[in-house]
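Each chain, written out:
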Amino acid sequence: MLTKHEQILQHILNLDVGSKISVRQIAKDLTVSEGTAYRAIKEAENQGIVSTIERVGTIRIERQAKSSIEKLTFAEVVNIVEGQVLGGRAGLHKTLHKFVIGAMKLEAMMRYVDAGSLLIVGNRVNAHELGLKAGSAILVTGGFDTEDEVKRLADELELPVISTSYDTFTVATMINKAIHDRLIKKDIVLASDILIPIDETHYLFQHDKVQRWHELNQKTMHSRYPVVDQSNRVTGVVTSKDIIGVPMSMQVEKVMTRAPLTVTEKTSVAACAHMMIWEGIELLPVIGSSHKLIGILTRQDVLKAMQMMQKQPQVGATFDDLITTELKELKSDHEIRFSCRITPQMTNHLGTVSYGVLMTLVTETARKALRKIKKGDLVVENVTFYYIKPVQIDSDIELIPRVLEVSRKFGKVDVEIHHDGKIVGKAMMMAQLLDHRS
């Protein structure tokens, strides 16, 4: 039987895309408290099936597939530019595939405008009307309004007309940044991307006998299984260690490890790997709403995913990517050395290299040094700076990592930072090494 929370989520899923949703109306329709309705709507927002827009409200939207996550809906554009919807509210759920800046003559501008685009333009009413007729949404900059006829046309065609107080250049920058952020998020591998779904794996119920574990073990050759209650909520994990010497007739509930570590669909694979290595576990249950089991992650799957991530091209560059591209390895017979130019983007307001940038450079050089000795992946445990002097903008620095200790599970690296032949920084990095056993 579905909980009230799940009933509300199902109700929202069944609504038509573009439908308006309110806490009060949900509470009234489903006879639940407003607090329960509010929590369910927030969960729906996290799942990407509703969007809350300032001065518009909460509306049902199409869930975006991860492969097209870089596409923004017009509803999200309203949020980004802090805009006001003048017309065409029913089309807010639609996605835009490009935006066009209307900074040219009308005839020339219309060559670039087509269905699914967003025309960014000032108070040029003719452009508003022609853009809508071409299938484009309109973003009016400078805080201007438009004519009632344009608003009626927008409502009829279900294409939003949005007004923002920002200028055209600022708006284009804001939207471009939002798309870039989506590209970065698209490249982050989440638990949902690699989990083994619940219907493709095996699990135990609390009331099952230990004999059931032995049956599954013989069938699958696996030794670890999540344990759930009658509502499929995760309550424990059973491994071979838990059932050694235990009678076949004993209930699983009495031997399982209670309150196991779990992750959600949106937990990154890197975070999952860190948990598995740090806690020394081989299996992570993946839970959805109400703590219900939706799948599992194994150590082997996580490590394979991390290896694949390193081979993938980065479509949206992060700050770390921009910093590490400046890092060049120098040829040396005696030691590993790297050089780096301190660019303006790497500095703080005083014009010296920021502490965060130095942390990234030290971590990356230490990683490269460890990988020359031991192949595989690693998770940084801590980095400690114990000597540091300011380094000016446009300076060239050298980083010299020295591996002090490597064991099967840990690595320790000392990194010196040099400028003009003098030491300007020293740091120590400790890392956990991820072995590739299953």
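Summarised in this report is the structure supplied together with it. All figures in this text were calculated on a predicted structure; none of them were measured in a lab.

1. Quick look at the packing of helix 1 (residues 4–14) against helix 3 (residues 34–46)
Link 1 in the chain: Packing of helix 1 against helix 3 leaves a shortest axis separation of 9 Å and a crossing angle of 55°. It follows from the interaxial angle that helix 1 and helix 3 lie oblique. The handedness of the crossing between helix 1 and helix 3 comes out as right-handed. Note on element contacts: helix 3 touches helix 1 through Thr36, Ala37, Arg39, Ala40, Ile41, Glu43 and Ala44, opposite Lys4, His5, Ile8, Leu9 and Ile12.
Link 2 in the chain: Grouping the constituent residues of the contact of helix 1 with helix 3 by class yields seven nonpolar, two polar and three charged.

2. Considering the pairing of strand 13 (residues 225–228)
Link 1 in the chain: In strand 13, alternate side chains face the same way, and those of Tyr225 and Val227 on one face and Pro226 and Val228 on the other are all buried.
Link 2 in the chain: Summarising the sheet, strand 12 (residues 204–205) and strand 13 pair through two bridges and their orientation is parallel. Residue pairing for strand 13: Leu204 is matched across the bridge by Val227.
Link 3 in the chain: Across four bridges, strand 13 lies against strand 14 (residues 234–238) in antiparallel orientation. Among the inter-strand pairings, Pro226 is bridged to a residue of strand 14, identified as Val237.
Link 4 in the chain: What sits between strand 13 and strand 14 in their antiparallel hairpin is a turn of five residues, with Asn232 showing a positive phi close to 70°.

3. Side note on the environment of Phe144
Link 1 in the chain: With respect to the helices and strands, Phe144 occurs in the loop between strand 9 (137–140) and helix 7 (148–157).
Link 2 in the chain: Taking relative accessible area as the criterion, Phe144 reaches 38% and is therefore assigned partly exposed.
Link 3 in the chain: With residues up to four places along the chain from it excluded, the contact list for Phe144 reads Leu86, Asn123 and Ser163.

4. Topic: the sheet that holds strand 13
Pairing between the strands of a sheet is mediated by backbone hydrogen bonds and can be parallel or antiparallel.
Link 1 in the chain: Spatially, the four strands line up as an open sheet ordered 12-13-14-15, and their pairing is mixed. Because the sheet does not close on itself, it has two edges, and the strands there are strand 12 and strand 15 (257–258).
Link 2 in the chain: Across the face of the sheet, helix 10 (residues 210–220) comes into contact with strand 12, strand 13 and strand 14 while running at roughly 145° to strand 13.

5. A word on the packing of aromatic side chains
Link 1 in the chain: By the definition in use, this model includes two aromatic pairs.
Link 2 in the chain: Between Tyr355 and Phe385 the ring centres are 5.1 Å apart and the planes differ by 55°, which places this aromatic pair in the tilted class. A residue pair is termed long-range when its members are at least 10 positions apart, and Tyr355 in helix 15 (residues 355–373) and Phe385 in strand 21 (residues 377–388) qualify at 30 residues.
Link 3 in the chain: Here Tyr355 falls in the partly exposed class, since its relative accessible area comes to 48%.
Link 4 in the chain: When its relative accessible area of 14% is taken as the criterion, Phe385 is described as buried.

6. Observations regarding empty space enclosed by the protein
Link 1 in the chain: Going through the model one piece at a time under the given rule, you end up with one cavity of 30 Å³ or more.
Link 2 in the chain: Taken as a whole, the largest cavity spans an internal volume of roughly 50 Å³.
Link 3 in the chain: Forming the walls of the largest cavity are Leu370, Arg371, Lys374, Lys375, Gly376, Asp377, Leu378, Leu433 and Leu434.
Link 4 in the chain: Those elements giving two or more residues to the lining of the largest cavity turn out to be helix 15, strand 21 and strand 24 (422–434).

7. So, the environment of Ser290
Link 1 in the chain: Residue placement: Ser290 occurs in the loop between strand 17 (283–287) and strand 18 (293–298).
Link 2 in the chain: Not counting residues within four places of it along the chain, the set of residues in contact with Ser290 comprises Thr3, His5, Glu6 and Arg233.

Cut-offs applied
- Residues numbered from 1 in each chain as written.
- Predicted model: local features only at pLDDT ≥ 70, side-chain atom pairs only at ≥ 80, totals over all residues.
- Heavy atoms only, no water.
- Axes fitted to C-alpha atoms, helices over the stretch in contact; angles between N-to-C directions.
- Helix = DSSP H or I, 4+ residues; strand = E, 2+ residues; numbered from the N terminus.
- Parallel < 35°, antiparallel > 145°, perpendicular 65-115°, else oblique.
- Left-handed = near helix turned anticlockwise from the far one by under 90°.
- Contact = heavy atoms within 4.5 Å.
- Nonpolar A, V, L, I, M, F, W, Y, C, P; charged D, E, K, R; others polar.
- Buried < 20%, exposed > 50% of the residue type's maximum accessible area, 1.4 Å probe, protein only.
- Pairing = 2+ DSSP bridges.
- Phe/Tyr/Trp six-rings, centres within 6.5 Å; stacked < 30°, edge-to-face > 60°.
- 1 Å grid on protein atoms, 1.4 Å probe; cavity = no way out; pocket = protein on both sides within 12 Å on 5 of 7 lines; lining within 4 Å.
- Points joined across faces, edges and corners; volume = space filled by probe spheres on them.

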